[in-house]
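# Close look at the chain arrangement
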Amino acid sequence: MNPPGKNKMIASSPLTWKIFILFFLFLPFIHYFSRSRFHNLPLFDPLLITKFHPVMYFLILMPFLIGTAFFFMKRWAWILLTEYSVILIGFQIYMAYLYPNTGHIAELLIFSSVFIPILYLNKENIIVAYKHDFMSIPRGWRNARRYKLQIPVEIHSNLYFTEDISKTGLGISHPLEHIPQNSTVELIIHFSGERFQISSKLVRKNPGSTGFSFEISDRVKIKNISRMVRKERVVQYRAHKKKYSS
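These figures come from a predicted structure and were not determined experimentally.

With 29 residues, the main nonpolar core has Phe20, Phe24, Phe70, Trp78, Leu81, Tyr84 and Phe115 as its most contacted residues. Listed by contribution, the elements that provide at least two residues to this core are helix H1 (15–39), helix H3 (54–71), helix H4 (77–98), helix H5 (102–121) and helix H6 (123–129). Sorting elements by how many residues they give to this core places H4 first, with nine residues. With 24 residues, the next largest nonpolar core counts Leu149, Ile172, Val185 and Leu187 among its residues.

With that settled, consider the packing of aromatic side chains. One pass over the structure, following the stated rule, counts eleven aromatic pairs. Centre to centre, the rings of phenylalanine 23 and phenylalanine 24 are 5.2 Å apart; their planes meet at 75°, and the pair counts as edge-to-face. You can call phenylalanine 24 buried: its relative accessible area is 0%. Taking the centre distance of 6.0 Å and the plane angle of 55° together, the rings of phenylalanine 23 and phenylalanine 115 count as tilted. With phenylalanine 23 in helix H1 and phenylalanine 115 in helix H5, this pair connects stretches of sequence that are 92 residues apart. Phenylalanine 115 sits in the buried class, given a relative accessible area of 0%. Feature note: the residues Phe23, Phe24, Phe58, Phe70, Trp78, Tyr84, Phe111 and Phe115 constitute an aromatic cluster, connected by ring pairs.

Attention now moves to the pattern of salt bridges. One side chain can pair with another of opposite charge once the charged atoms of both are near each other. Enumeration according to the criterion identifies one salt bridge in this entry. The partner of arginine 204 in a salt bridge is glutamate 163, and the shortest N-O contact between them spans 4.0 Å. Of the two residues, arginine 204 sits in strand E5 (residues 194–206) while glutamate 163 sits in strand E2 (residues 158–165), which places them 41 residues apart along the sequence. Look at arginine 204 and you get partly exposed, because its relative accessible area is 28%.

Rules behind the numbers
- Residues numbered from 1 in each chain as written.
- Predicted model: local features only at pLDDT ≥ 70, side-chain atom pairs only at ≥ 80, totals over all residues.
- Heavy atoms only, no water.
- Core = buried A, V, L, I, M, F, W, Y, C linked by side-chain atoms within 4.5 Å.
- Buried < 20%, exposed > 50% of the residue type's maximum accessible area, 1.4 Å probe, protein only.
- Helix = DSSP H or I, 4+ residues; strand = E, 2+ residues; numbered from the N terminus.
- Phe/Tyr/Trp six-rings, centres within 6.5 Å; stacked < 30°, edge-to-face > 60°.
- Salt bridge = Lys/Arg side-chain N within 4 Å of Asp/Glu carboxyl O.

Read these as layout, nothing more, since geometry by itself doesn't imply function.
Below is the structure:
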């Protein structure tokens, strides 16, 4: 029996993230098709591979590694992405300079218009990935398995309920407009008859929800909460399985 927590982590990620991963897994085929057109050879001609520039082998194979790393939520995938993007755009500039035709200039513009916005929109994740202590910095669902549980959380004497929780943070179904972004907030989590006071940071604000990351200083409390959450999920899974198997 595999409890819900053992499912692939990608199952809890947003649809946009899944599309993001599929893009990198599909990118090698775009490169291969581009080289086929450039050399005017059929896609399955064995001679096509022998005509690749040495850098092309790297550009074709690396997206598989990047996509796989993102699939398993590895933060160092952002390091691979930045290095890959620089090499890719640099190579396209080089090819457009050597062969100043419409095809290479179009490829340069297309790849630049795709990768530069990706890097810019994810600059915070990239900055964290390049820090020496990045493995100890909580970043929500990107680095930890989330559990869909409604748990009472007290914030500034008001009671809310979580929409998900992990060992690195939690999300609640309320915008909390009165609390500024990146502010430190004391949370009181009510779970299994116990109260856990946790220091956290407000890291995400959406129209209908708010995300908090736990401070590392409370890791002992967080470990206890995480253990009980996993136990609760197993209990729920067994009850669900028993209900539908009877």
